[in-house]
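If you want the building blocks of each chain, they are given just below.
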Amino acid sequence: MTEVFSMLMFLRVRVGLRIVASVATVVGPLSAMAQQPPTTSVAFVGVDVITMQDTVLRRDQTVVTRDGKIVAMGSRASVSVPRGAQQVDGRGKFLIPGLHDMHAHLAQGAGDLSDGAGRQLAVYTALGVTSVRALAAPPGAGALKRRVATGEIVAPRLWITGQSINGKSAPDAASISRNVASLAAGGADVIKTHGMWNDRSHYDTLVAAARRVRLPLAGHVTPEFGLAAAIDAGQQVEHLDGMIAATVPAGTPVPPGQFVFDNRALAAVDSARIDSLARVMAAKRIYHGPTLALFRVLADTLPPEYFLALPDVLYTPKAALDAWSLSRRQQAQQPIPPAIRQRYLAVRDQMVRRFQALGVPLLAGSDSPQFFLVAGFGVHRELQAMVQAGLTPYEALLSATRTPAEYLGRGTSAGIVATGRDADLVMLDGNPLRDIANTMRVTGTMLGGRWLPRAALDSTLQQVKQRIDAM
């Protein structure tokens, strides 16, 4: 019962979104929000600021933005509101950097509410996510990325990949090199792999090909090359792949696959080996996206009816919910004792705690949409899972703000609230340093200097829901 209660607390949190039954004035799709140019000056007055430079809560601040940048910040008494600036009453509110989802699956579309990509981006915006890395993106995603970059549509900044490079999509050296070159030419920002080759030589070919086009490598770790090779290659690792095999004594049998529901292997995981490996990865800046929320959902046995009662699913097509529900019921029938499931999750939590303590950089990623983790909502569930694993709210927030900005090469322009930084901001109704669930209590999102208040976000969400209901 304790495990089930923890899962319930993880998922059933207060949500700041207001699900509007009817809207008197309907704002058009996100492209219509571009009517307010980023050159408009906006002043958040009397707001409490969490800069993410440290854990200090800076109270009663005025933050001024102009031309897509933060141009002034300080106590309300010391910072004047520019003439003609739009004033936002920040009293009783909390301002944080815009959030990143570093593991998304982007739907097909041009970015309008009539297509899946546009609906995803609208929900991301309403949930305060201002940057999205799509580790699965359809053909044509480069055009959508350009529409966002030019301001044609107001949506989170995008980083994209294309087809995963793996043993099925690229089974030999020639196809690996050819596919990587094609992805680079098509505007990919990262090369993703699922591994699954017959031997390590193919992985080495992939690493060399990615280096030739100067793109980072991210994704899975599979047994034919293992975690040590991924660390040597500088790969950004998803899902804590390879960690259990790398932290048990030599000769300990570890079942293949990501879900190691094996008492012998789990019992053999050595805390000293975790720490030793973490120190190596911290020194080499090996970024990890643990996707704790996804694995909690997959490893637990809560019925689909529970997830279907969450607000997250309001913006998901019925066909997807039906497929997830069927998969959930099939998964629950697997003869895996609850104690082993919970032990597996506890080992993953331990790894993340030690990573944080020893300086391994963590990235918040939802791996959504799938299995009741929904675009926009999913990264908040990941932050909650990190806190449940033992991180402080501030440490969890780092994984969705400052750390991903550093990984994306924006460490000097994004990720914190400070003068000169990009004006990608979220205003909240509650202090997330006290309760990480408060990241979902969004009262407005600023994308590149454009302020989108709650009313505009709710209107757009209503349009998303209407289109989903009509499918």
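Residues numbered from 1 in each chain as written. Predicted model: local features only at pLDDT ≥ 70, side-chain atom pairs only at ≥ 80, totals over all residues. Heavy atoms only, no water.

A.B. asks: Quick question: what am I supposed to make of the side chain of Arg-147 here?
C.D. replies: Within the secondary structure, Arg-147 is located in helix α3 (residues 141-149). Within polar-contact distance, the side chain of Arg-147 engages the backbone oxygen of Ala-110 at 2.5 Å. Look past the residues within four positions of Arg-147 in its chain and what remains in contact with it is Ala-110, Gly-111, Asp-112, Glu-152 and Ile-153. (Helix = DSSP H or I, 4+ residues; strand = E, 2+ residues; numbered from the N terminus. Polar contact = N/O pair within 3.5 Å; in protein donor to acceptor, adjacent residues only side chain to side chain. Contact = heavy atoms within 4.5 Å.)

A.B. asks: What is the right way to read helix α6 (residues 226-233) from this model?
C.D. replies: Residues three or four positions apart in an α-helix share a direction because the helix packs 3.6 residues into each turn. Across the eight residues that make up α6, a large majority, six, are buried. Residues of α6 that are buried include every one of Gly-226, Leu-227, Ala-229, Ala-230, Ile-231 and Ala-233, and no others. A positive phi of about 80 degrees marks Gly-234, the residue just after α6. (Buried < 20%, exposed > 50% of the residue type's maximum accessible area, 1.4 Å probe, protein only.)

A.B. asks: Can you help me understand the environment of Ile-436 in this one?
C.D. replies: Counting through the fold element by element, Ile-436 comes out in the loop between β14 (425-428) and β15 (442-447). In this structure the C-alpha to C-alpha distance between Ile-436 and Pro-393, which are 43 residues apart in sequence, comes to 5.5 Å.

A.B. asks: Explain the packing of helix α10 (residues 292-299) against helix α14 (residues 377-389) to me, please; I cannot follow it from the model alone.
C.D. replies: Between two packed helices, both the angle of their axes relative to each other and the distance between the axes serve to describe the pair. Packing of α10 against α14 leaves a shortest axis separation of 7 Å and a crossing angle of 80 degrees. By the angle between their axes, α10 is roughly perpendicular relative to α14. Of α14, the residues touching α10 (which contributes Leu-292, Ala-293, Leu-294 and Arg-296) are Arg-381, Glu-382, Ala-385, Met-386, Gln-388 and Ala-389. A per-class count over the contact of α10 with α14 returns six nonpolar, one polar and three charged. (Axes fitted to C-alpha atoms, helices over the stretch in contact; angles between N-to-C directions. Parallel < 35°, antiparallel > 145°, perpendicular 65-115°, else oblique. Nonpolar A, V, L, I, M, F, W, Y, C, P; charged D, E, K, R; others polar.)

A.B. asks: Looking at this model, I keep getting lost on the sheet that holds strand β8 (residues 157-160). Mind explaining?
C.D. replies: Strands pair in a sheet through their backbones, by hydrogen bonds, and they do so in one of two ways: parallel or antiparallel. Ordered by their spatial adjacency, three strands build an open sheet running β6-β7-β8, and the pairing between neighbours is parallel. Bordering the open sheet on either side are β6 (99-105) and β8, each of which pairs with just one other strand. With strand direction ignored, the average angle separating the axes of adjacent strands in the sheet is 20 degrees. (Pairing = 2+ DSSP bridges.)

A.B. asks: How should I be thinking about the pattern of salt bridges in this particular structure?
C.D. replies: Where side chains of opposite charge bring their charged atoms close, a pairing between them can arise. In this structure the tally under the stated criterion is 26 salt bridges. Between Arg-454 and Asp-458 there is a salt bridge, with its nearest N and O atoms 3.1 Å apart. In this pair, Arg-454 and Asp-458 are both assigned in helix α17 (residues 454-469), four residues apart and thus about one turn of the helix distant. Assessed through its relative accessible area of 5%, Arg-454 is described here as buried. Judged by relative accessible area, which is 6%, Asp-458 ranks as buried. One continuous salt-bridge network, built from bridges that share partners, spans Lys-69, Arg-157, Arg-410, Asp-422 and Asp-424. (Salt bridge = Lys/Arg side-chain N within 4 Å of Asp/Glu carboxyl O.)

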